[in-house]
Amino acid sequence: RFLDRQLLYDLHHSRFGNRNSYSKTDVDATFMHMKDDHMRNAQLKPGYNVQIGVDSEYIVAADIFQDRNDVWTLVPFLKHMEKQLGFRYPSVTADSGYESEEAYDYLKKQEQAPYIKPQTYEKWKKRSFKQDISKRENMDYDEVSDTYTCHAGKTLSALYVKKQKSKNGYESEVTVYECSDCSGCSYKGKCTKAKGNKRLYVSKNFISQRQISYENIMSETGTKYRMNRSIQVEG
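Scope of this entry: the structure provided in the associated data block. Being a predicted model, the structure only gives us computed values, none of them experimental. (Residues numbered from 1 in each chain as written. Predicted model: local features only at pLDDT ≥ 70, side-chain atom pairs only at ≥ 80, totals over all residues. Heavy atoms only, no water.)

## Details of unusual backbone geometry
Point 1. A positive phi angle is found at glutamate 57, which is not glycine, with a value near 75 degrees.
Point 2. Checked against the element boundaries, glutamate 57 lands in the loop between β3 (49–55) and β4 (58–65).
Point 3. Taking the relative accessible area as the measure of exposure, glutamate 57 reaches 66% and is therefore exposed.
Point 4. Backbone geometry places glutamate 111, a non-glycine residue, at a positive phi of 60 degrees.
Point 5. Turning to its location among the elements, glutamate 111 is positioned in the loop between α3 (101–109) and β6 (113–116).
Point 6. Its relative accessible area of 70% is what places glutamate 111 among the exposed residues. (Helix = DSSP H or I, 4+ residues; strand = E, 2+ residues; numbered from the N terminus. Buried < 20%, exposed > 50% of the residue type's maximum accessible area, 1.4 Å probe, protein only.)

Structure, rendered in structure tokens:
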């Protein structure tokens, strides 16, 4: 009985791959949220993630993925597109669901300008975000000393740099900053939920790449690209 269970377990494990679900009637399909009922409610059903690339109202490339999250499809889709077309576009416009450090790095190496809307783009415009003292964006940063200054005027210094890998194997570096002393601070309740000192986890490469993409989309050309993307691709 144990052997039978082990064989069945191994079979399921081999079919999962990098996924956390699959359909027994279509083992290549992954369970995804589908907005297909009359009230537009999400239905959990087996399906696929289809990606398309559009140029001047024409679909120039298409591919299909098992991953539910768009963020992991951009780089392999661009590689597929270049292989099929035999050339690469000078720029890539995508919505915030495709933003990642891996995507930014790939576009930089390929010398393709990124026009990707940051995932925090809408939040940045809200007053609640601008007044949130816990956010890194609302702290002063000293590039020379590589330190942040919190709302209370205390310094957050770099402790160490840790490396982390994505599910695609992409390796990124995250710098961990910690406040010198949060004890007795009247702002601690609004700044952090940690029992000890406030910490920040910052990917410097991601921040710099995101800033480039943000400046691109805010330009006159970027505004036109984003408008055309929403009209042509969604349509």
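## A look at the packing of helix α2 (residues 74–85) against α3
Any two packed helices are characterised by the angle at which their axes cross and by the distance between the axes.
Point 1. The N-to-C vectors of α2 and α3 enclose an angle of 30 degrees; their axes lie 9 Å apart at closest approach. What the angle tells us is that α2 and α3 run roughly parallel. Residue-level contacts link Leu74, Val75, Leu78, Lys79 and Glu82 of α2 to Glu102, Ala103, Tyr106 and Leu107 of α3.
Point 2. Looking at side-chain class alone, the contact of α2 with α3 contains six nonpolar, no polar and three charged residues. (Axes fitted to C-alpha atoms, helices over the stretch in contact; angles between N-to-C directions. Parallel < 35°, antiparallel > 145°, perpendicular 65-115°, else oblique. Contact = heavy atoms within 4.5 Å. Nonpolar A, V, L, I, M, F, W, Y, C, P; charged D, E, K, R; others polar.)

## Considerations on the pattern of salt bridges
Point 1. What the rule picks out here adds up to 11 salt bridges.
Point 2. Between lysine 117 and glutamate 122 there is a salt bridge, with the nearest N and O atoms lying 3.7 Å from each other.
Point 3. A relative accessible area of 41% means that glutamate 122 is categorised as partly exposed.
Point 4. We note a salt bridge from aspartate 146 to lysine 204, for which the minimum N-O separation is 2.9 Å. Remark: lysine 204 occurs in helix α7 (residues 204–218) and aspartate 146 occurs in the loop between β7 (140–142) and β8 (147–149); sequence separation between them is 58 residues.
Point 5. Lysine 204 sits in the partly exposed class, given a relative accessible area of 38%. (Salt bridge = Lys/Arg side-chain N within 4 Å of Asp/Glu carboxyl O.)

## So, the side chain of serine 213
Point 1. Mapped onto the elements of the fold, serine 213 is located in helix α7.
Point 2. Classification of serine 213 by relative accessible area gives buried; the value is 0%.
Point 3. Polar side-chain contacts of serine 213 include one of 2.7 Å to the backbone oxygen of isoleucine 116.
Point 4. The contact partners of serine 213, leaving out residues within four places of it in the chain, are Tyr104, Pro114, Tyr115 and Ile116. (Polar contact = N/O pair within 3.5 Å; in protein donor to acceptor, adjacent residues only side chain to side chain.)

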